[in-house]
Amino acid sequence: MIDYQFDRDHIWHPYTSLTKPLPVYGVTKTQGCEIHLDNGQVLVDGMSSWWAAMHGYNHPVINQAMKNQIDNMSHIMFGGLTHEPAIELCKRLVELTPKGLDKVFLSDSGSVSVEVALKMAVQYWHSQGKPEKTKIVTPRNGYHGDTFAAMSVCDPVTGMHSLFSGAMQQQLFVERPTPRIEAQWHSDAINSLRKTLSDNHASIAALILEPIVQGTGGMNFYHPEYLRQARQLCDEYQILLIADEIATGFGRTGKLFACEWADISPDIICLGKTLTGGNLTLAATLTTNKIATGICNGEAGVFMHGPTYMANPLACAAAIASIDLLIKNDWQQQVNQVNQWLKQGLAPLSDNPHVADVRCLGAIGVVEMKQAVDQATIQRFFVKQGVWIRPFGKLVYVMPPYVIQQDQVAKLCNAIKSYIEQLS
Ligand code: PMP
């Protein structure tokens, strides 16, 4: 029995109030692309647990890898010790990520991997005799996590910077990346970034962005030429490029990493979310030999970070199994297929007067409404329809597991359609 009263009285859920909590639904089991509720209802999963469960839930291969590992060693400190799960995982990460990213720092969540990336950038410039390069530049509408430094590079409005302004480092913001991915490139789109870098480069350590897909900050799919030119500008002005691929990594956008849309390599990349196939919390920050060497030849002689659960062997075992499964499963074909089904199901909604825009990229489908939705109402509606979709603001979106079947995608799309049709 789920003790809802205790949950309501004592436990915070993400981005919610404890005095006026939104309704929550009790989950007893997950299987494949399905979520089983305590009232016996079974929901088709449209969220992959926030971009994480790309192979669906309870995958027997990943489960077996975790069982094997747990019988051997679930955790051991990484200071002074090492183990095969970490080494095997890092071999795969070095091989699969864009060229040149050869040095891996493992941590425990996406936000921490961003903190690590920002520290690497600042420490690198310090080691190069440029301690004044500490500012981070970032496009508006971005999202990089909830810890303080990560929050300082989230969109200032949706990230509610006014609440924390006295406590947070002030960063430099440029216009959000445009034009859209399918639009014609226009050279003005890079002007805001160029001017900010040109005016402030002496104090800037890095540019951080989500390549091609700005997720939480608006599900904005932008043009690869922006990313290509951002890479060039970073080189021109001696600024490191940090690609936050925590949401986009491992195939979600239709490329293994979203940087591949522009055929670029960042100086630092952050990975997380689906790194373990949505099974355990683990993240990675990778950088180049040049930056790692710079940091280690600097004043400190070391990189100043070391979380307790660094390189947790159980999480590494899940990640290895998940990555091997991704490659074996022909993820590209799976994602292309999901993309087609999403387009078929969602494109017709673009004519509805309540809908501002419909867009799909890889295994992501977005219906942008003209008005913000009421989260509790729409959530109840979707659960009644037998689907798990969790909209925010004006965005009703799905990013299902890559293994979802055609009838399940149709169920997700029909639920969105029914919601919109009953509005007027
Ligand atoms: N960066 C991006 C692009 C994200 O989408 C997220 C998570 N929504 C994070 C960073 C933070 O990751 P975590 O929630 O694991 O701290």
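This is a predicted model, so every value here is computed, not measured.

What counts and what doesn't
Residues numbered from 1 in each chain as written. Predicted model: local features only at pLDDT ≥ 70, side-chain atom pairs only at ≥ 80, totals over all residues. Heavy atoms only, no water. Pairing = 2+ DSSP bridges. Helix = DSSP H or I, 4+ residues; strand = E, 2+ residues; numbered from the N terminus. Axes fitted to C-alpha atoms, helices over the stretch in contact; angles between N-to-C directions. Salt bridge = Lys/Arg side-chain N within 4 Å of Asp/Glu carboxyl O. Buried < 20%, exposed > 50% of the residue type's maximum accessible area, 1.4 Å probe, protein only. Core = buried A, V, L, I, M, F, W, Y, C linked by side-chain atoms within 4.5 Å. UniProt positions renumbered as here; feature names shortened; annotations may be inferred. Polar contact = N/O pair within 3.5 Å; in protein donor to acceptor, adjacent residues only side chain to side chain.

(A) How the structure looks around the sheet that holds strand β6 (residues 172-174). The sheet built from seven strands is open, its strands ordered β4-β12-β11-β10-β7-β5-β6 with mixed pairing. The outermost strands of the open sheet, each flanked by one partner alone, are β4 (101-107) and β6. Averaged over neighbouring strand pairs, the angle between their axes works out to 20° when direction is ignored. Pairing between strand β7 (residues 204-209) and strand β10 (residues 240-244): four bridges, direction parallel.

(B) Structural context of the pattern of salt bridges. Enumeration according to the criterion identifies twelve salt bridges in this entry. Between Asp-324 and Arg-92 there is a salt bridge, and its shortest N-O distance comes to 2.8 Å. Remark: Arg-92 occurs in helix α4 (residues 84-96) and Asp-324 occurs in helix α11 (residues 313-328); sequence separation between them is 232 residues. Residue Asp-324 is classed as partly exposed on the basis of its relative accessible area, which comes to 34%. One salt bridge in this structure joins Arg-228 and Glu-225, with 2.9 Å as the shortest N-O distance. Highlighted residues: Arg-228 and Glu-225, both in helix α9 (residues 224-236), separated by three residues, approximately one helical turn. According to the relative accessible area criterion, Arg-228 is partly exposed, its value standing at 30%. The class of Glu-225 is buried, set by a relative accessible area of 18%.

(C) Structural view of the nonpolar core. Leu-89, Leu-93, Val-367, Phe-382 and Ile-416 are the most contacted members of the largest nonpolar core, which totals 124 residues. Counting seven residues, the second largest nonpolar core, distinct from the first, contains Ala-65, Met-66, Ala-318 and Ala-321.

(D) Structural detail: the sheet that holds strand β13 (residues 355-361). As summarised here, the arrangement of the three strands in space is β13-β14-β16, forming an open sheet in which the pairing is antiparallel. Edge positions in the open sheet fall to β13 and β16 (395-398), since each of these has one partner strand only. Pairs of neighbouring strands in the sheet enclose a mean axial angle of 10°, with direction left out of account. Alignment of β13 against strand β14 (residues 364-369), held across six bridges, turns out to be antiparallel. By the bridge assignment, Asp-357 is partnered in β14 with Glu-368.

(E) A look at the UniProt feature "modified residue: N6-(pyridoxal phosphate)lysine" (unreviewed entry) in the protein chain. Following the UniProt record, one finds the feature "modified residue: N6-(pyridoxal phosphate)lysine" (unreviewed entry) at Lys-273. Mapped onto the fold, Lys-273 is located in the loop between β11 (268-271) and β12 (283-288). Assessed through its relative accessible area of 31%, Lys-273 is described here as partly exposed. At 3.3 Å, the side chain of Lys-273 and the backbone oxygen of Trp-50 are in polar contact.

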